[in-house]
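One-letter residues, chain by chain:
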Amino acid sequence: MDALLERGTASIPRTLGLCILLMLPVMLLAVWGFRLSGFGAGALYFVVWWTVLFAVLPFRAAPDGSEVVVPGQDLGAPHKPQMRRKAVWTTLVSDVVFIIAVAAFPLAGL
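Residues numbered from 1 in each chain as written. Predicted model: local features only at pLDDT ≥ 70, side-chain atom pairs only at ≥ 80, totals over all residues. Heavy atoms only, no water.

The protein chain goes by DUF1467 family protein in an unreviewed UniProt entry, where it is assigned to Methylobacterium platani JCM 14648.

And the structure:
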């Protein structure tokens, strides 16, 4: 899994493509399986993705002691933030949260 994640996040276009490939089946399930509109499913996924991103950002951001501090840099900023890897993890977690939210809509009468 780690090698696949490394290859998938080797560049920004690859990361974007991987995130889209992970998101499409969930969006199609929401539109066809749960009868959401395409715009509604996209808007809900957008909100869920950004909310989950802020939950995923702190993971593996702790300093390991080998950080190079640049003058003027915030001391709490990670040296290697691994944003492309976090984008993929955010997409995976968002898929689960999105499906749970969409499945709860009929129970709430929405």
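Feature annotation in UniProt assigns "transmembrane region" (unreviewed entry) to the following positions: residues 12–32, 38–57 and 87–108. With 100% helix and 0% strand, the stretch residues 87–108 has end C-alpha atoms that lie 30 Å from each other. (UniProt positions renumbered as here; feature names shortened; annotations may be inferred. Helix = DSSP H or I, 4+ residues; strand = E, 2+ residues; numbered from the N terminus.)

With that settled, consider the packing of aromatic side chains. Enumeration over the complete set of coordinates arrives at four aromatic pairs. Between Trp49 and Trp50 the ring centres are 5.4 Å apart and the planes differ by 80°, which places this aromatic pair in the edge-to-face class. For Trp49, a relative accessible area of 18% puts it in the buried group. A relative accessible area of 38% means that Trp50 is categorised as partly exposed. Of the aromatic side chains, those joined through ring pairs into one cluster are Phe46, Trp49, Trp50 and Phe54. (Phe/Tyr/Trp six-rings, centres within 6.5 Å; stacked < 30°, edge-to-face > 60°. Buried < 20%, exposed > 50% of the residue type's maximum accessible area, 1.4 Å probe, protein only.)

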